[in-house]
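Topology and contacts: notes
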Amino acid sequence: DSSSELAVCHMLLAELEAHRCAWPFLTPVNHKAVPGYKKVIKRPMDFSTIKEKLTSNHYLNLETFIADINLVFDNCKKFNEDQSEIGKAGYNMKRFFNKRWTELL
Ligand SMILES: Cc1ncccc1N[C@H]1CCCS(=O)(=O)C1
């Protein structure tokens, strides 16, 4: 049911935030400090924004939550070179997330 799904979302988000490769994704990208980001990335997303949406009951179910998590990694892949530090962190986080939520299915 949706309350247990939301408990799963909280748990997954906590694990993502605790991951050693989470540092690029913990707060919104400062588009004033990152040239081109505002123009290129149409729907910015980060873990702190997801936590705020989760705690304010914005997510109706697991799939809307997973969609925002994947937006974080899709934005990362679009903007960052694959072999950059941030690009590699995004790839590691995506692999970790996919492994964890599929284990919960
Ligand atoms: C995810 C991402 N994509 C593109 C550029 C920057 C970022 N993240 C930044 C978040 C704040 C700290 S940082 O400035 O080192 C990295």
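Scroll up for the structure.
Residues numbered from 1 in each chain as written. Predicted model: local features only at pLDDT ≥ 70, side-chain atom pairs only at ≥ 80, totals over all residues. Heavy atoms only, no water.

**Section: the environment of Cys76**
Mapped onto the elements, Cys76 comes out in helix α4 (residues 62-79). Considered as a pair, Cys76 and Lys32 are 44 residues apart in the sequence and their alpha carbons are 17 Å apart. In this view, Cys76 contacts Phe25, Ile86, Gly87 and Gly90; residues no more than four positions away in its chain are not counted. (Helix = DSSP H or I, 4+ residues; strand = E, 2+ residues; numbered from the N terminus. Contact = heavy atoms within 4.5 Å.)

**Thoughts on helix α1 (residues 2-18)**
Compared with an ideal rise of 1.5 Å per residue, which puts 17 residues at 24 Å, α1 spans 24 Å between its outermost C-alpha atoms and is within 8% of the ideal. When we look at burial in α1, the residues that qualify are Leu6, Cys9, Leu12, Leu13 and Leu16. For α1, the arc enclosing every buried residue in end-on projection is 120°, short of the 170-degree limit, so these residues lie on one face. (Expected span 1.5 Å × (residues − 1). Buried < 20%, exposed > 50% of the residue type's maximum accessible area, 1.4 Å probe, protein only. Arc of directions from axis to C-beta.)

**Details of the packing of aromatic side chains**
Applying the stated rule across the entire model yields five aromatic pairs. Plain terms: the ring middles of Phe25 and Phe73 are 6.1 Å apart, the flat faces sit at 90° to each other, and that makes the pair edge-to-face. In this pair, Phe25 is assigned in the loop between α1 and α2 (37-40) and Phe73 in helix α4, connecting sequence segments 48 residues apart. Owing to a relative accessible area of 5%, Phe25 belongs among the buried residues under this scheme. Every member of this aromatic cluster is reached through a ring pair, and the members are Phe25, Phe47 and Phe73. (Phe/Tyr/Trp six-rings, centres within 6.5 Å; stacked < 30°, edge-to-face > 60°.)

**Brief notes about the packing of α1 against α4**
Following both chains from N to C, one finds α1 and α4 inclined at 20°, their axes separated by 9 Å at the closest point. The orientation of α1 relative to α4 falls into the category roughly parallel. Seen from above, α1 lies across α4 with right-handed handedness. Where α1 abuts α4, its residues Glu5, Val8, Cys9, Leu12, Leu13 and Leu16 lie against Leu62, Phe65 and Ile69. Within the contact of α1 with α4, the residues separate by chemical class into eight nonpolar, no polar and one charged. (Axes fitted to C-alpha atoms, helices over the stretch in contact; angles between N-to-C directions. Parallel < 35°, antiparallel > 145°, perpendicular 65-115°, else oblique. Left-handed = near helix turned anticlockwise from the far one by under 90°. Nonpolar A, V, L, I, M, F, W, Y, C, P; charged D, E, K, R; others polar.)

**Comments concerning the nonpolar core**
Counting residues in hydrophobic clusters, the biggest one holds 24 residues, and the most contacted among them are Phe47, Ile50, Phe65, Ile69, Met93 and Phe97. Put simply, the parts of the chain that give this core at least two residues each are α1, α3 (47-55), α4 and α5 (85-104). When residues in this core are grouped by element, the largest group, eight residues, is from α4. What Ile69 contacts, discounting residues up to four positions off in sequence, is Leu13, Leu16, Ile50 and Phe97. (Core = buried A, V, L, I, M, F, W, Y, C linked by side-chain atoms within 4.5 Å.)

On their own, these measurements won't tell you what the molecule is for.
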